[in-house]
Amino acid sequence: GQQLNQSPQSMFIQEGEDVSMNCTSSSIFNTWLWYKQDPGEGPVLLIALYKAGELTSNGRLTAQFGITRKDSFLNISASIPSDVGIYFCAGHETGGGADGLTFGKGTHLIIQP
Amino acid sequence: DSGVTQTPKHLITATGQRVTLRCSPRSGDLSVYWYQQSLDQGLQFLIQYYNGEERAKGNILERFSAQQFPDLHSELNLSSLELGDSALYFCASSLSGGNTIYFGEGSWLTVV
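Treat the numbers as computed from the prediction; the structure is a model and nothing was measured.

## Points about the pairing of strand β7 (residues 64-68) of chain B
And then number 1: Only one face of β7(B) is buried, namely the one carrying B:Phe64, B:Ala66 and B:Gln68, since none of B:Ser65 and B:Gln67 on the opposite face is buried.
And then number 2: The antiparallel pairing of β7(B) with strand β8 (residues 74-78) of chain B creates a hairpin that spans five residues between the two strands, and B:Leu72 there sits at a positive phi of about 80°.

The structure is reproduced here in structure tokens:
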């Protein structure tokens, strides 16, 4: 199956810092999704991107669909303690079914007070 | 609240046993997906149903099976359970075979 490289694997930051994470794929995607998962909970959809070059914000979160359609990034500004969790990117190939929705392995965000 | 409901939330059972996990999709969603998440593992796609029919199959073991009923709820059946089956099982749903899926809160399965 397709591979999504999500980086970094983990981040240790101070409260108030900005965060940036990204995903790259070996193939062209027509959708990029970003999810956040808290411990013991299901992933919650943060941002969905459907067009190359699209830049979308959700509060302090901003995500972009790369022009090449093979990458996406998520930025979090002015991090707060509740931002702690695991962030997953997911990409959907053109014409793919659910098995075309590939998930990255996640970025663990840890915020030190 | 995503609107996807899963039961039970937690389940402890012995090796060799069989369990059934239940999922109610968001109102209006026709597609249901099942994912497995183990410690140190990402989300592994198991299977998708669309309006009662199997649509796509991922890394689902032969000991596992699923179905989607006419009222669109779905069940995942896990049999001959092994210790390695201990994981968080998620159900997700979407309107069609669409690109945006919404996850339930998961069912924690512990096999002892």
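Now that the structure has been shown, we can carry on.
## Concerning the interface of chain B and chain A
And then number 1: Taken together, the contact pairs 17 residues of chain B with 18 residues of chain A.
And then number 2: Where chain B abuts chain A, roughly 1500 Å² becomes buried across the two surfaces, and 58% of that area is made up of carbon and sulfur atoms.
And then number 3: Taken together, chain B and chain A are joined by three residue pairs in polar contact (both at pLDDT 80 or more).
And then number 4: Among the elements of the structure, β4 (31-37), β5 (43-50), β9 (87-94) and β10 (102-103) of chain B are those that each provide at least two residues to the side of chain B that touches chain A.
And then number 5: Residues belonging to the side of chain B that touches chain A are distributed by class as follows: eleven nonpolar, five polar and one charged.

## Remarks on the side chain of A:Gln6
All names here are of chain A.
And then number 1: Relative to the assigned elements, Gln6 resides in strand β1 (residues 4-7).
And then number 2: When its relative accessible area of 12% is taken as the criterion, Gln6 is described as buried.
And then number 3: Among the polar contacts made by the side chain of Gln6, one reaches the main-chain carbonyl oxygen of Tyr87 at a distance of 2.5 Å.
And then number 4: Reaching out from Gln6, the side chain makes a polar contact with the backbone nitrogen of Gly106 at a distance of 3.0 Å.
And then number 5: If sequence neighbours within four positions are ignored, Gln6 has contacts with Met21, Asn22, Cys23, Trp34, Tyr87, Phe88, Cys89, Gly104, Lys105, Gly106 and Thr107.

## What about the layout of surface pockets?
And then number 1: If you add up the space inside the second largest pocket, you get close to 270 Å³.
And then number 2: Along the wall of the second largest pocket there are 16 residues; nearest its centre are A:Gly42, A:Pro43, A:Val44, B:Ser2 and B:Phe103.
And then number 3: By residue class, the composition of the lining of the second largest pocket is eight nonpolar, three polar and five charged.

## Examining the nonpolar core
And then number 1: Counting 21 residues, the largest nonpolar core has A:Trp32, A:Trp34, A:Leu74 and A:Leu109 as the members making the most contacts within it.
And then number 2: Residue assignment for this core shows that the elements contributing at least two residues are β2 (10-14), β3 (19-25), β4 (29-37), β5 (44-49), β7 (61-65), β8 (71-76), β9 (85-93) and β11 (107-112) of chain A.
And then number 3: If you look at the next biggest cluster of nonpolar residues, it comprises 20 residues, including B:Val4, B:Val19, B:Val32 and B:Cys91.

## Some remarks on unusual backbone geometry
Phi is mostly negative for residues that are not glycine, and the peptide bonds are mostly trans.
And then number 1: Here the amide bond leading from A:Ser7 into A:Pro8 is cis, since omega sits at -5°, within 30 degrees of zero.
And then number 2: On the secondary structure map, A:Pro8 appears in the loop between β1 and β2.
And then number 3: For the bond running from B:Thr7 to B:Pro8, omega is -10°, close enough to zero to count as cis.
And then number 4: Mapped onto the fold, B:Pro8 is located in the loop between β1 (5-7) and β2 (10-13).
And then number 5: A positive phi is found at A:Ala78, a non-glycine position, where the angle reads about 45°.
And then number 6: Among the structural elements, A:Ala78 can be located in the loop between β8 and β9.
And then number 7: The residue B:Ser80 is not glycine, and still its phi comes out positive at about 45°.
And then number 8: Structurally, the position occupied by B:Ser80 is in the loop between β8 and β9.

Conventions we followed
Residues numbered from 1 in each chain as written. Chains lettered and ligands numbered in written order. Predicted model: local features only at pLDDT ≥ 70, side-chain atom pairs only at ≥ 80, totals over all residues. Heavy atoms only, no water. Buried < 20%, exposed > 50% of the residue type's maximum accessible area, 1.4 Å probe, protein only. Helix = DSSP H or I, 4+ residues; strand = E, 2+ residues; numbered from the N terminus. Pairing = 2+ DSSP bridges. Contact = heavy atoms within 4.5 Å. Buried area = accessible area lost by both parts, 1.4 Å probe. Polar contact = N/O pair within 3.5 Å; in protein donor to acceptor, adjacent residues only side chain to side chain. Nonpolar A, V, L, I, M, F, W, Y, C, P; charged D, E, K, R; others polar. 1 Å grid on protein atoms, 1.4 Å probe; cavity = no way out; pocket = protein on both sides within 12 Å on 5 of 7 lines; lining within 4 Å. Points joined across faces, edges and corners; volume = space filled by probe spheres on them. Core = buried A, V, L, I, M, F, W, Y, C linked by side-chain atoms within 4.5 Å.

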